[in-house]
Amino acid sequence: MKPDYKERFLRNIGIMDESQLERIKSTSVAIGGLGLGGSIFINLVRMGFEKFHVSDPDTYERTNVNRQRLAKESTIGIRKDDALIAEARDINPDVRIESFRDGVNEANVARFLDGIDYVVDVVDVFALSEKLALNAEAARRGLPTASCGAIGFSCSVVVFDRTTPTFAELTGMSADQPYEENIQKFVRFICPEVPAYMKAQLDKAMRKESYIPFVTPGVEIAAAFAASEIAKDILKLGLRARAPTGIHIDPVQLKIELYEASHERGNIRILRRSAA
């Protein structure tokens, strides 16, 4: 471990020891999607992770400014991967990052996951075939995969591995189904209850009449919980939720709950709730 690395991440020690920090350093993470995924990526870099595959073909737009970590006036029109990689190297010049500039897809997903220990799926739900391809290949390899979503001020994280049902099984999503059916199923899977304050706008989005609304707290809470689940798994620390159990955090209602993640609305149930 280089002296600069030890100094950079000195304040991790006491929460983890040097051997655990070495595990963090040596773990390779693949992140599909760099909207919410951009926040997860930078969180992991700041925790000491150094090896990444990232994918997102998009550039920053002004409509990203309200919630995406590096979206600002100076990055409008800049590729998300370029901006985030530059930021990561500013934090830790020793990071090793390969960017898949066309995004992850059926043609490159095998290479995207080569040498990877952990997967983060925040591929846009509109890129359905790519999202399904990433999860299918990760499941085939038995790679732990964190699937994350922000829903207004709230968010959810569901983690899959070789012991769990698959993403396709729990979401019910398929390339053969209409867009509207797939997005409805994904929302039911990732969100135990759509907040009343955004239901009207989300209904419009699900009919392709408008956009899906987001705010920073939901995105950043999701990013914090996703990074925590990855680190906990690697460090063998504390309790870990696994699919079909998902973690849902709702700061508006002051609650954190474990729920059964499923596209079958009748099957969704709260397993454990902590609220003020």
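In short, a report on the structure. This structure is a prediction, so every number in the text was calculated from the model and none was measured.

Things to note about a nonpolar patch on the surface
And step 1. Nonpolar side chains collect at one region of the surface, where Phe 153, Tyr 197 and Val 252 lie side by side and expose about 270 Å² of accessible area between them.
And step 2. The residue Phe 153 is located in the loop between β5 (145–151) and β6 (154–160) in this model.

Topic: the packing of helix α3 (residues 36–47) against helix α4 (residues 80–91)
A packed helix pair is summarised by two numbers, namely the angle formed by the two axes and the spacing between the axes.
And step 1. Orientation of α3 relative to α4, taken along the N-to-C sense of each, is 15°, at an axis distance of 10 Å. Between α3 and α4, the crossing angle belongs to the class labelled roughly parallel. Both α3 and α4 take part in a crossing whose hand is right-handed. Counted together, Gly 38, Phe 41, Ile 42, Val 45 and Arg 46 of α3 and Leu 84, Ile 85, Glu 87, Ala 88 and Ile 91 of α4 form the full contact between these two elements.
And step 2. In terms of residue class, the contact of α3 with α4 is built from 7 nonpolar, 1 polar and 2 charged.

Notes on the pattern of salt bridges
And step 1. Evaluation of the coordinates by the stated rule reveals 21 salt bridges.
And step 2. For Arg 207, the salt bridge is made with Glu 209, and the minimal N-O distance between the two is 3.0 Å.
And step 3. Overall, Arg 207 belongs to the partly exposed group, its relative accessible area being 46%.
And step 4. For Glu 209, a relative accessible area of 52% puts it in the exposed group.
And step 5. Here Asp 233 makes a salt bridge to Arg 242, at a shortest N to O gap of 2.8 Å. No difference in accessibility class separates Asp 233 from Arg 242, as the two residues are buried.
And step 6. Within this structure, Arg 79, Asp 81, Asp 82 and Arg 101 form a network of salt bridges that share partners.

Here's the deal with the state of the cysteines
And step 1. In this structure the tally under the stated criterion is 0 disulfides.
And step 2. Cys 155 carries a free sulfur, and the closest cysteine sulfur to it, the one in Cys 148, is 8.3 Å from it.

Things to note about the environment of Ala 150
And step 1. Position of Ala 150 relative to the elements: it lies in strand β5.
And step 2. When its relative accessible area of 17% is taken as the criterion, Ala 150 is described as buried.
And step 3. With 70 residues separating them along the chain, Ala 150 and Glu 220 place their C-alpha atoms 8.6 Å apart.
And step 4. Among all residues touching Ala 150, those that are not within four sequence positions of it are Cys 155, Phe 214, Gly 218 and Val 219.

Considering unusual backbone geometry
And step 1. Going from Ala 243 to Pro 244, the amide bond is cis rather than trans, its omega being 10°.
And step 2. Position of Pro 244 among the secondary structure elements: in the loop between α10 (216–235) and β7 (245–250).
And step 3. Unlike most non-glycine residues, Lys 208 shows phi in positive territory, near 65°.
And step 4. For Lys 208, the position within the fold is in the loop between α9 (199–206) and α10.
And step 5. In this model, Lys 236 sits at a positive phi of 55°, which is unusual for a non-glycine residue.
And step 6. Relative to the helices and strands, Lys 236 resides in the loop between α10 and β7.
And step 7. The class of Lys 236 is exposed, set by a relative accessible area of 57%.

Regarding α4
Think of an α-helix as turning once every 3.6 residues; residues three or four places apart then point the same way.
And step 1. In this model, α4 (12 residues) spans 17 Å end to end at C-alpha, consistent with the 16 Å of a helix rising 1.5 Å per residue.
And step 2. Contacts made by the buried residues of α4 are with α1 (3–8), α3, β2 (51–55) and β3 (96–100).

So, the nonpolar core
A general feature of soluble globular proteins is that nonpolar side chains tend to end up buried together.
And step 1. Grouped together as the largest cluster of nonpolar side chains are 48 residues, with contacts concentrated most on Ile 31, Ile 40, Phe 41, Leu 44 and Phe 52.
And step 2. For this core, the element with the most residues is α10, which contributes 9 residues.
And step 3. Each residue touching Phe 41, except ones within four places of it in the same chain, is listed here: Ile 31, Phe 52, Val 54, Leu 84, Ile 85, Ala 88 and Ile 97.
And step 4. Core analysis: the next-biggest nonpolar cluster, separate from the first, contains 23 residues, Leu 128, Val 194, Leu 202 and Tyr 259 among them.

Conventions we followed
- Residues numbered from 1 in each chain as written.
- Predicted model: local features only at pLDDT ≥ 70, side-chain atom pairs only at ≥ 80, totals over all residues.
- Heavy atoms only, no water.
- Patch = residues over 30% accessible without salt bridge, like charges linked within 9 Å, V, L, I, M, F, W, Y side chains within 5 Å.
- Areas by Shrake-Rupley, 256 points an atom, 1.4 Å probe, with all protein chains shown as cover.
- Salt bridge = Lys/Arg side-chain N within 4 Å of Asp/Glu carboxyl O.
- Helix = DSSP H or I, 4+ residues; strand = E, 2+ residues; numbered from the N terminus.
- Axes fitted to C-alpha atoms, helices over the stretch in contact; angles between N-to-C directions.
- Parallel < 35°, antiparallel > 145°, perpendicular 65-115°, else oblique.
- Left-handed = near helix turned anticlockwise from the far one by under 90°.
- Contact = heavy atoms within 4.5 Å.
- Nonpolar A, V, L, I, M, F, W, Y, C, P; charged D, E, K, R; others polar.
- Buried < 20%, exposed > 50% of the residue type's maximum accessible area, 1.4 Å probe, protein only.
- Disulfide = S-S within 2.5 Å.
- Expected span 1.5 Å × (residues − 1).
- Core = buried A, V, L, I, M, F, W, Y, C linked by side-chain atoms within 4.5 Å.

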